[in-house]
Amino acid sequence: MNDYSAPLQAKREQLLRAGVLMMDPAAVYVEDEVTVGAGTLLLPGTILRGKTAIGENCLIGPQAMLTDCIVEEGCTINASQCEESTIRRDCEIGPYTHIRPRCVVGEGSRIGAFVQLKNCTLGKDTRMAHLTYVGDSDVGDGCNFGCGTITCNYDGFKKYRTTIGKGVFVGCNTNLVAPVTVEDGAFIAAGTTVAERVPQDAMAIGRVRQENKEHWAAENRKKKGKKG
């Protein structure tokens with residue numbers, strides 16, 4: 001057996017006696033300073049490191065790694081990595097979410113596939129279903145982010161913060177060029193680049209007006225000798 005096998009097994013047994021559930025204890029890695037609340041289920045491939053503290057009645061895994069995180073009760077973290085951050089109660093994280101250091105995810109939030117968070121604070125009931133990057137940002141309660149949203153927080157020299165109020169709707173493929181503020185209740189249309197303040201309850205739209213050139217595609221195919 002490896003040198004760490006005995007203490008690792010002892011830690012798993014300690015957690016099991018305390019009411020933690022494990023589908024396959026041999027497939028769970030928990031370091032000594034980690035705490036886990038009763039009723040929490042650790043699925044195979046779960047790795048809990050450092051001073052991670054998990055509340056009661058959570059579902060962690062499969063294939064999740066948490067390092068120095070606080071996870072409050074009732075959370076689900078599926079196939080994701082979280083580092084040095086706090087996840088408030090009743091959140092759903094993953095699959096394939098990466099929460100980098102210095103994040104706070106607000107109560108009841110849903111952070112989904114291929115979302116990365118870094119150094120940000122999210123309010124309650126925030127939704128980021130997929131394909132989003134939010135870094136160096138403060139986000140209010142009840143916001144919804146469409147897929148493809150990016151906070152442009154780095155200009156090549158310094159990092160800047162984005163501030164988003166409560167109840168903001170961020171449409172798909174939005175670029176938020178920091179430093180920038182979006183006030184409460186604002187609506188950002190899909191495909192918009194936001195580089196200036198968006199007032200409360202306003203709609204921001206910034207895209208090139210569509211132009212249709214009739215028959216262009218057919219003529220282009222003909223020119224290139226392609227059928228169809």
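Residues numbered from 1 in each chain as written. Predicted model: local features only at pLDDT ≥ 70, side-chain atom pairs only at ≥ 80, totals over all residues. Heavy atoms only, no water.

1. Digging into the pattern of salt bridges
Note the threshold: Salt bridge, as applied in this entry: a Lys or Arg side-chain nitrogen positioned within 4 Å of an Asp or Glu carboxyl oxygen. Per the convention used, a helix needs a DSSP run of H or I reaching at least four residues, while a strand needs a run of E reaching at least two, with both numbered from the N terminus. Partly exposed residues are those whose accessible area sits between 20% and 50% of the maximum for their type, while under 20% is buried and over 50% is exposed, using a 1.4 Å probe and protein chains only.
Counting across every chain of the model gives 8 salt bridges. Between E72 and R88 there is a salt bridge, with its nearest N and O atoms 2.9 Å apart. With E72 in the loop between β9 (70-71) and β10 (76-77) and R88 in the loop between β12 (86-87) and β13 (92-93), the pair connects residues that are 16 residues apart, well separated along the chain. The partly exposed category is assigned to R88, whose relative accessible area is 33%. Through salt bridges with shared partners, one network takes in E73, R89 and D90.

2. Notes on a nonpolar patch on the surface
Using the following cut-off: The patches described consist of residues with a relative accessible area above 30% and no salt bridge, like charges being joined within 9 Å and nonpolar side chains (Val, Leu, Ile, Met, Phe, Trp, Tyr) within 5 Å. Residue-level accessible areas treat just the shown protein chains as cover; the underlying method is Shrake-Rupley with a 1.4 Å probe.
Nonpolar side chains collect at one region of the surface, where F169, F187, M203 and I205 lie side by side and expose about 380 Å² of accessible area between them. Residue position: F169 is located in strand β21 (residues 169-170).

3. Focus: the environment of Q210
Heads up, the condition is: Counting of polar contacts relies on pairs of N or O atoms within 3.5 Å, with two restrictions inside protein: one atom must be capable of donating a hydrogen and the other of accepting it, and residues adjacent in sequence are counted only when both atoms are side-chain atoms.
Along the chain, Q210 turns up in the loop between β26 (203-204) and α2 (216-223). Separated by 61 residues in sequence, Q210 and T149 place their C-alpha atoms 21 Å apart. One polar contact links Q210 to N212, side chain to side chain, over a distance of 3.0 Å.

4. Focus on the pairing of strand β16 (residues 110-122)
Filter applied, for reference: Paired strands are those between which DSSP finds at least two bridges.
Looking at chain direction, β13 and β16 are connected through 2 bridges and run parallel. Residue pairing for β16: I93 is matched across the bridge by I111. Judged from the 2 bridges that link them, strand β14 (residues 98-99) and β16 form a sheet pairing that is parallel. Opposite H98, over in β16, you have Q116 as the bridge partner. Summarising the sheet, β16 and strand β17 (residues 127-139) pair through 10 bridges and their orientation is parallel. Following the sheet pairing, L117 is matched in β17 by V134.

5. As for the nonpolar core
The following threshold applies: By nonpolar core is meant a set of buried Ala, Val, Leu, Ile, Met, Phe, Trp, Tyr and Cys residues that side-chain atoms within 4.5 Å join together. What makes two residues a contact is simply this: any of their non-hydrogen atoms within 4.5 Å.
Counting residues in hydrophobic clusters, the biggest one holds 46 residues, and the most contacted among them are L66, I87 and L117. Mapped by element, the contributors of at least two residues to this core are β16, β17 and β23 (180-182). In terms of residue count, the dominant contributor to this core is β16 (5 residues). For L117, the contacting residues outside a window of four places in its chain are H98, I99, R100, C103, V105, I111, L122, M128 and V134.

6. Quick notes on the packing of aromatic side chains
The criterion, for reference: Aromatic pairs are defined between Phe, Tyr and Trp rings, using the six-membered ring for Trp, whenever the two ring centres lie within 6.5 Å; interplanar angles under 30 degrees are classed as stacked, those over 60 as edge-to-face, and all others as tilted.
Scanning all chains against the criterion turns up 2 aromatic pairs. With centroids separated by 5.4 Å and ring planes inclined at 20°, the aromatic side chains of Y96 and F114 adopt a geometry described as stacked. Taken together, the residues span a long stretch of sequence, with Y96 in the loop between β13 and β14 and F114 in strand β16 at a distance of 18 residues. In this structure Y96 comes out as partly exposed when scored by relative accessible area, which is 49%.

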